[in-house]
Amino acid sequence: MTAVRRSDATRSAIVEAARERFAADGYERATIRAIARDAGIDPSMVMRYYGNKAGLFAAATTIELEVAALVGLPAGNVGTALVEHFLDRWERDEVLTGLLRAGVTNAAGNERMREIFTEQLVSIARETCPDPAEAPHRAALVASQILGMALARYVLGFAPAAEMSRAEVVAWLGPTIQRYLTAEAP
């Protein structure tokens, strides 16, 4: 194995260990030492590749929301499709849930969550809203609903939100998301 391959394997091991540790412990409680131990390497290697905990967190929380797959849907179906899509994402991606936890308790997590949702939701809003100049505002409104439901359902476990069926969540949120994306601005 060449040095480059070993380096790539080490980086991958570090990022995977960091994802798991941040998801399990949150940003504040996760330590470089614990992540290095989980990856089977010396803590100095983590620092060598990522500089500090914030750099490692950014690398470990590179998340593709996969909303590009929704671009091109008929504008009238995007609200429901987005809610279904995000329910799928939250239910299968512990890293995304870990990032949400970190986002409400830590400045680095907050900034990372904001970057991910801003970058990726604006594109879908730009595709569907009547005036593309309004896309950032509409994406922020969509994020407020998506993140609010995720926080209530998957992080805080509010009984009504956590116990609703997927169909109920989609039926309630889909029209709201649709309105945010396609209705005329007030």
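Scoring rules and cut-offs
Residues numbered from 1 in each chain as written. Predicted model: local features only at pLDDT ≥ 70, side-chain atom pairs only at ≥ 80, totals over all residues. Heavy atoms only, no water. Helix = DSSP H or I, 4+ residues; strand = E, 2+ residues; numbered from the N terminus. Buried < 20%, exposed > 50% of the residue type's maximum accessible area, 1.4 Å probe, protein only. Areas by Shrake-Rupley, 256 points an atom, 1.4 Å probe, with all protein chains shown as cover. Lys, Arg positive; Asp, Glu negative; His and termini not counted. Charge placed at Lys NZ, Arg CZ, Asp CG, Glu CD. Polar contact = N/O pair within 3.5 Å; in protein donor to acceptor, adjacent residues only side chain to side chain. Contact = heavy atoms within 4.5 Å. pLDDT = per-residue confidence, 0-100.

1. Some points on the overall build of the chain
1) Next: Helix and strand content of the chain: 10 helices and zero strands.
2) Next: Mapped from its N terminus to its C terminus, the chain presents α and β elements in the order α-α-α-α-α-α-α-α-α-α.
3) Next: With the principal axes as the frame, the chain shows a C-alpha extent of 55 × 35 × 30 Å.
4) Next: Split into buried and exposed, the 186 residues of the chain put 44% on the buried side.
5) Next: Accessible area of the chain: about 9600 Å², with a carbon and sulfur share of 55%.
6) Next: Counting 20 positive and 23 negative side-chain charges, the chain places the averaged centre of each group 7 Å from the other.

2. Looking at the side chain of Thr-128
1) Next: Inspection of the secondary structure puts Thr-128 in helix H7 (residues 107-128).
2) Next: You can call Thr-128 buried: its relative accessible area is 11%.
3) Next: Engagement of the side chain of Thr-128 in a polar contact is seen with the backbone oxygen of Ile-124, the distance being 3.0 Å.
4) Next: Setting aside residues up to four positions removed in sequence, Thr-128 forms contacts with Ala-75, Val-78, Leu-181 and Thr-182.

3. Things to note about the confidence of the model for the chain
1) Next: Mean pLDDT over the chain stands at 87; residues scoring 70 or higher make up 97%.
2) Next: Across the chain, element-level confidence peaks in helix H10 (residues 166-182) with a mean pLDDT of 96 and bottoms out in helix H6 (residues 94-105) with 79.

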